[in-house]
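Spelled out, the chains give:
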Amino acid sequence: MGTYLIRRIAQIVPTLLFVSILIFGLQQLLPGDPAKVLAGEEQDPAVIAHLRETMHLDEPFPVRYLYWLRGVLHGDLGESLRMQQPVRALIADKLPVTIELACIAIVIALAIGIPAGVISAVRRGTGWDYGANVVALWGLSTPNFWLGIMLILLFSVTLGWLPASGYVSPREDWRANLAAMIMPAFVLGNAIAAVLMRHTRSAMLQVLSSDYVRTARAKGVKERDVVLKHALRNALIPIITLGALEFGTLLSGAVLTEQVFTIPGFGKLIVDAVFNRDYAVVQGVVLFTATAYILLNLIADVAYAIVNPRIRVH
Amino acid sequence: MDQRIRCFLTAVACLLAAGASAQTLRIGLAEDPDVLDPTLARSFVGRIVFASLCDKLFDIDDKLNIVPQLASGYEWSADNKALTIKLRQGVTFHDGEKMDAAAVKYSLERHKTMAGSNRRGELAPLASVDVVDPATVRLNLSAPFSPLLAQLADRAGMIVSPKAAEAAGDKFGAKPVCAGPFRFVERVAQDRIVLERYANYWDKDAVHFDRVVFLPIPDPTVRLANLRSGQLDFVERLAASDVPQVKSDARFKLTKITEIGYQGITINVGKSDLAQKNPLGRDPRVREALELALDRDGIVQVAMDGEADPGNQWVAPSNAFYAKSSPIPRRNVERAKALLKEAGVANPSFTLMTATTGDAQRIAQVVQAMAREAGFDVKIQSTEFATSLDMADKGQFEAYVLAWSGRADPDGNIFSFDACKQPLNYAGYCKPEVDDLLKRSRTTLDLAERRKLYADIAAIVLKDRPIVYLYHRHWLWAYTGKLDGVQAIPDGLVRVKGARFK
Amino acid sequence: MDTAVAVDAAGASGNAGAPQVVASRAVVRRLLRRPAATAGVVVVAMFVAMAIFAPWIAPYDPIATSFSTVRKAPSALHWFGTDEIGRDVLSRIVFGARASLLAGVVSVLISLAVGVPVGLLAGYAGGKTDVLISRITDAMLACPFLILAIALAAFLGPSLTNAMIAIGISATPVFIRLTRGTTLAVKAEDYVLAARAIGNGPLRIAVRHVLPNIVAPLLVQATLAIAAAVIAEASLSFLGLGQQPPQPSWGSMLNVAKNYIDNAPWMAIWPGLSIFLLVLSFNLVGDGLRDALDPRHL
């Protein structure tokens, strides 16, 4: 177990290095001169030259990468040229927002996905199964930005129940914060709910046909207890560990949801940065997200390995 | 607990004391402004925030006349190479420092010399600034420059607090200190910019709000939805297709005014060798045929839902500098076909580069359809903004749908585009006689003479067609019916001064 | 992309890889016994037919503009209404099926074409090759899928082809992982060791022993991936990076329609509904396949 852990942790560093080279390289390959984008309407040659110098754009790729890497190792993720703010500060500002959005989305996903999965597994092949399937799948099948706009039209414009966009910090007003977050979180959570439902269903199916459960049934334990107390508890572990891996999906989903609902989080930050060629921001944010994702992966793998010693391949 | 209760009670007390005047105006912007430093600022939307944050030496009115703001009067010297400006008395910056001639000198020099300054080109002919006395400055120019006053009515004329600017250096934009009706409170990137009333503003009676909050919401549908659900009081750049909706809703008011900019098609006539390879870039008759194939009224109707004024010059037909001698040509497909035959290319083909924004796409598709009737085969190439800038600069295009936000002085709409080797001259147009006329139009201060010069320029440039001008959009503002006193100025900037809730 | 599903699929399809011979006719029968899956197959077939026979089905030319019929509501002349420059929405929906289906299928084909061989290589070769490939795969998976796709599409330039390439590349790591996992599991089986003992080359072993094993989970994952790819294309179009005008694609139609939601909602309803139906159908088929291929039934 110990060696497994150490080996996995040792794998993190080269992975992160690859991530940084991948994103750095991709950015440098993007056509279009970032200095020109940031130079604004007037395109003053002197301003462009000044920006090129500040961004080290005329130096060769490996040099630029090393400049950046050195900064990262000192905890400096560079500065957003468009907003003249350190990337670290931008992340610190936006991270709590996207995290809050993600958390509420996960709660919604769990609330929809797990019950749907349990019902689907227990009443396999019946109308319940079919119905629960469609409900959870609806989330995966609808483009989230479209769903978002439809919801805004219904709940904000027509009914006036919820705000159309924006974000209020929970410290300022927790009620307004929830009101602003509920639609985007629902849009995000939908997609995850489908995945969770499927995991729950297949995990439950596996457990329900296992010897352990057959024994319980033979012993005369009530079906309801069999499902909820025995099967679900066992199925929960793989469900939750796999759920942690959905972090990546959440972030992808957040990108578009935040655009539609104008939520100042990570997703919006990164899309705007790609379009504005604000390199430092893209690199910093992707590196940060990759690290988080990898750590989550590690935790999930370790938890899984603890539960099932057979799965320690490699 | 005790602390919190005390804070709460103080807050309540403050609110009660403020009474009816605790008013906040929430404005929805179409983009998130870039850095809030007048010297470094590069975007149109930032100027909207500056309109409330940083006063300038001059401003413009709805007829584009220069009116004094921080200045109280001005006088040109006999040779027009020196501008003496008298400054308003009793003006202070947000940090309490006095606004005087030394501050103006400091600000102008900052605009000219700071590394990365975007104002250098605007103040190019400014040689030096003299402090005549604490209430008078003299700007010495290397040559007479008629657009100068218009430049000083924009960011180049914004005066910043020398104390704050000196201390912050290039980080001034994080906490700008100016002399406008509102002072900077906070900014959360991509979320909000909050300004609050400056108690010692020189014109404080005209200010009727305690707070102004700018909220950038790029999606026009969502922006309007916010207005309708009550979270915003004001939205700028309403989508043209939403106008009927707002008009029919009694809760809201709509204001529109024609912009000082334009939308047009820039043609590569000499920026790169692509110009010679394509008949459109090579032969002026083909360009004339293209223009004759277009129905500007139709384009305005379909692309902008009628919310634009058709135009064929760099200034709108209602502008004082519009050359009436070169009116908008009517559509004439037969003549277009004849011209193409004369030029020897019955079915010329070219690629029309366009950004991925909504109206550019619609224009491209309508132009494609209209030009097809004259025999043109137009291929549309949608390019991401960053890439298109690069390609335009390198001349890697044949035609490009490009708009310009416009400047108060006509020079700002043509010099950078039609003078040889200027940064925005993507067409690669260069004619010595046009250059000469342009230079003369900037150095003479006589209005009648300038008008004549622009008419002469129009006669040549409209025949060569490096740019086919299409129309001038309407600035569309939608706001709550409770708001009164909103002044529409052709520069599209929202001026909060003078507005009030009923 | 759905890594968790991939892992789960691998697990479900056979207790760490005991060889399964997939009896296809039995599978199809089991697939069609589920009403949901059958409905999915029918709808997908419908859309495919629509795409193939588009010129005969569509009432108008999808790119023919008409300035007098801008944003007209659905009527007898135009069943789905017209769009912002007067084109018939129904015709654009019919032709748009081509772009959406192409985007879905081609992207996944790219992912398979790259992912399966690489995964095989990693799983079979082991050692440093495996480590290198695994780290790169992890790195790609660590980047949010859409960001990678956006960056790639921006790099390649906005067009449907480039969007497909971008989505295909971004989705590859999932298939690499899936193939590698199964390869590793199969590699250790007795009959494979035996095959190696008698001198069968790696390529032969890969084709005869590994591939048949991964067909099932790959099929499931691929079907689901098509669904996700269709949405990904719509997302890229929403940002301006997919199918460019005047050619129709449901995603780019939605991108334009969002500005006219209030005064021309039909512009958004039909493309959104079409995407939803197509994606839902693929998801249902994928689900059905997974159940039908579940070795517990064999």
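Residues numbered from 1 in each chain as written. Chains lettered and ligands numbered in written order. Predicted model: local features only at pLDDT ≥ 70, side-chain atom pairs only at ≥ 80, totals over all residues.

*Asks:* Explanation requested: the overall build of chain C in the structure shown.
*Replies:* The secondary structure content of chain C amounts to twelve helices and zero strands. Put simply, chain C runs from its N terminus to its C terminus through helices and strands in the order α-α-α-α-α-α-α-α-α-α-α-α. Put simply, chain C has 298 residues, and 60% of those count as buried. In chain C, the share of contacts with a sequence separation of at least 24, taken over all contacts with a separation of at least 6, comes to 74%. (Helix = DSSP H or I, 4+ residues; strand = E, 2+ residues; numbered from the N terminus. Buried ≥ 20, exposed ≤ 12 C-beta atoms within 10 Å, placed from the backbone. Contact = placed C-beta atoms within 7 Å.)

*Asks:* How should I be thinking about the overall build of chain A in this particular structure?
*Replies:* When helices and strands are counted, chain A shows 13 helices and two strands. When the backbone C-alpha atoms are referred to their principal axes, chain A occupies close to 85 × 60 × 35 Å. Residues counted as buried form 49% of the 314 residues belonging to chain A. Put simply, of all contacts in chain A between residues at least 6 apart along the chain, 70% involve residues at least 24 apart.

*Asks:* Where do I start with the confidence of the model for chain C in this structure?
*Replies:* Low-pLDDT portions of the prediction should not be read for the details of their coordinates. Residue and element names in this part refer to chain C. This prediction gives chain C a mean pLDDT of 80; 91% of its residues lie at or above 70. When pLDDT is averaged over each element of chain C, helix α5 (residues 89-125) comes out on top at 91 and helix α1 (residues 3-12) at the bottom at 38. Confidence drops under pLDDT 50 across residues 1-21; counting only partners more than four residues distant or on other chains, this segment forms 56 contacts. Interface confidence in the predicted complex, given as ipTM, is 0.77; pTM for the same model is 0.79. (pLDDT = per-residue confidence, 0-100.)

*Asks:* When you look at helix α6 (residues 127-142) of chain C in this model, what are you seeing that I'm missing?
*Replies:* Helical periodicity: at 3.6 residues per turn, an α-helix aligns residues three or four positions apart in one direction. Look at α6(C): 22 Å from first C-alpha to last across 16 residues, which is about the 22 Å you get at 1.5 Å a residue. When we look at burial in α6(C), the residues that qualify are Ile136(C), Thr137(C), Asp138(C), Ala139(C), Met140(C), Leu141(C) and Ala142(C). (Expected span 1.5 Å × (residues − 1).)

*Asks:* Got a minute to help me understand the interface of chain A and chain C in this structure?
*Replies:* Taken together, the 43 residues of chain A in the interface contact 41 residues of chain C. Elements with a contribution of two residues or more to the side of chain A that touches chain C: α1 (2-29), α6 (127-141), α7 (144-158), α8 (174-208), α11 (247-261), α12 (266-275) and α13 (279-307) of chain A. Looking at the side of chain A that touches chain C element by element, the count peaks at nine residues for α1(A). Its residues placed into classes, the side of chain A that touches chain C shows 31 nonpolar, ten polar and two charged. (Nonpolar A, V, L, I, M, F, W, Y, C, P; charged D, E, K, R; others polar.)

*Asks:* Looking at this structure, I do not really get the interface of chain B and chain A. What am I missing?
*Replies:* Interfaces are often sized by the amount of accessible area the parts lose when they come together. Opposite the 37 residues of chain B that make contact, chain A presents 39 residues. Broken down by secondary-structure element, the contributors of at least two residues to the side of chain B that touches chain A are α6 (220-228) and α14 (385-394) of chain B. For the side of chain B that touches chain A, the element with the highest residue contribution is α14(B), accounting for six residues. Looking at the side of chain B that touches chain A residue by residue, the class counts come to 15 nonpolar, twelve polar and ten charged.

*Asks:* I tried to follow the nonpolar core on my own but got confused; where do I start?
*Replies:* Nonpolar side chains in soluble globular proteins generally cluster together in the buried interior. Residues Ala105(A), Ala293(B), Ala478(B), Ala149(C), Ile150(C), Ala229(C) and Val230(C) are the most contacted members of the largest nonpolar core, which totals 343 residues. Ignoring sequence-local partners within four residues, the contact set of Ala293(B) consists of Val333(B), Ala336(B), Met370(B), Ala371(B), Glu373(B), Ala374(B) and Phe376(B). (Core = buried A, V, L, I, M, F, W, Y, C linked by C-beta atoms within 7 Å.)

*Asks:* Help me understand the pairing of strand β6 (residues 126-133) of chain B, please; the structure alone is not making it clear to me.
*Replies:* The side chains of a regular strand alternate between both faces of the sheet. All names here are of chain B. Of the pairings in the sheet, the one linking β6 to strand β7 (residues 136-141) comprises six bridges and is antiparallel in character. Paired with Val129 across the two strands is Leu139, which belongs to β7. Hairpin connection from β6 to β7: two residues lie between these consecutive antiparallel strands. (Pairing = 2+ DSSP bridges.)

*Asks:* So what exactly am I meant to see when it comes to the sheet that holds β7(B) here?
*Replies:* Strand pairing within a sheet occurs via backbone hydrogen bonds; the two strands may be parallel or antiparallel. Residue and element names in this part refer to chain B. Strand order across the open sheet formed by four strands is β4-β5-β7-β6, with antiparallel pairing between neighbours. Bordering the open sheet on either side are β4 (71-76) and β6, each of which pairs with just one other strand. In this sheet, adjacent strand axes meet at a mean angle of 20° when their direction is disregarded. In the packing of helix α3 (residues 101-113) onto the sheet, contacts are made with β5 (82-87), β6 and β7, and the angle to β6 comes to roughly 170°. (Axes fitted to C-alpha atoms, helices over the stretch in contact; angles between N-to-C directions.)

*Asks:* Help me out: how do you make sense of the packing of α11(A) against α12(A) in this one?
*Replies:* To describe two helices that pack against each other, one gives the angle between their axes and the distance between the axes. Residue and element names in this part refer to chain A. Relative to each other, α11 and α12 sit at 80°, their axes nearing to 7 Å. Between α11 and α12, the crossing angle belongs to the class labelled roughly perpendicular. In contact with Leu251, Ala254, Val255, Thr257, Glu258 and Gln259 of α11, α12 contributes Phe266, Gly267, Lys268, Ile270 and Val271. (Parallel < 35°, antiparallel > 145°, perpendicular 65-115°, else oblique.)

*Asks:* Help me understand the packing of helix α8 (residues 160-187) of chain C against helix α10 (residues 202-238) of chain C in this model?
*Replies:* All names here are of chain C. Between α8 and α10, the shortest axis-to-axis distance is 10 Å and the interhelical angle comes to 155°. Compared by their axis directions, α8 and α10 come out roughly antiparallel. As α8 runs across α10, the sense of the crossing is right-handed. Contacts between α8 and α10 involve Ala163, Ile167, Ala171, Val174, Phe175, Leu178, Thr179, Thr182, Thr183 and Val186 on the former and, on the latter, His209, Val210, Asn213, Ile214, Pro217, Leu218, Gln221, Ala225, Ala229, Ala232, Glu233 and Leu236. Residues belonging to the contact of α8 with α10 are distributed by class as follows: 15 nonpolar, six polar and one charged. (Left-handed = near helix turned anticlockwise from the far one by under 90°.)

*Asks:* I'm lost on the environment of Cys430(B) in this one. Help?
*Replies:* All names here are of chain B. For Cys430, the position within the fold is in the loop between α15 (411-418) and α16 (432-443). When the C-alpha positions of Cys430 and Leu29 are compared, they lie 38 Å apart, and in sequence the two are 401 residues distant. Setting aside residues no more than four positions away along its own chain, Cys430 makes contact with Gly270 and Cys420.

*Asks:* Explain helix α2 (residues 44-53) of chain B here, please?
*Replies:* All names here are of chain B. Counting buried positions along α2 yields nine of ten residues, so the element is predominantly enclosed. Of the positions making up α2, those classed as buried are Val45, Gly46, Arg47, Ile48, Val49, Phe50, Ala51, Ser52 and Leu53. Elements in contact with the buried residues of α2: β1 (24-29), β8 (182-188), β9 (192-197) and β10 (211-216).

*Asks:* How should I be thinking about unusual backbone geometry in this particular structure?
*Replies:* Residues other than glycine predominantly adopt negative phi, and peptide bonds predominantly adopt the trans conformation. With a phi angle near 50°, Gln43(A) is a residue other than glycine that sits in the positive phi range. With respect to the element layout, Gln43(A) can be found in the loop between α2 (34-38) and α3 (45-54). Look at Asn80(B): it is not a glycine, yet its phi comes out positive at around 60°.

*Asks:* Sorry, what's going on with the pairing of β10(B) here?
*Replies:* Residue and element names in this part refer to chain B. Sheet topology places β1 next to β10; six bridges connect them, and they run parallel. Residue pairing in the sheet places Arg26 in a bridge with Val213 of β10. Relative to β10, β9 is paired through four bridges, and the arrangement is antiparallel. From the neighbouring strand, Glu196 faces β10, where its bridge partner is Arg211.

*Asks:* I tried to follow the environment of Ala240(B) on my own but got confused; where do I start?
*Replies:* Inspection of the secondary structure assignment puts Ala240(B) in the loop between β11 (234-235) and α7 (243-248). Those residues in contact with Ala240(B), other than ones at most four positions away along the chain, are Met304(B), Asp305(B), Glu307(B) and Leu476(B).

*Asks:* So what exactly am I meant to see when it comes to the confidence of the model for chain A here?
*Replies:* For chain A, per-residue confidence averages 78 on the pLDDT scale, and residues scoring 70 or more make up 91% of the total. Mean pLDDT across the elements of chain A bottoms out in helix α10 (residues 223-244) of chain A (67) and peaks in α3(A) (86).

*Asks:* Just to check I follow, could you spell out the environment of Pro245(C) for this structure?
*Replies:* Relative to the helices and strands, Pro245(C) resides in the loop between α10 and α11 (250-257). Aside from chain neighbours lying at most four places away, what touches Pro245(C) is Gln361(B), Gln365(B), Ile380(B) and Ser382(B).

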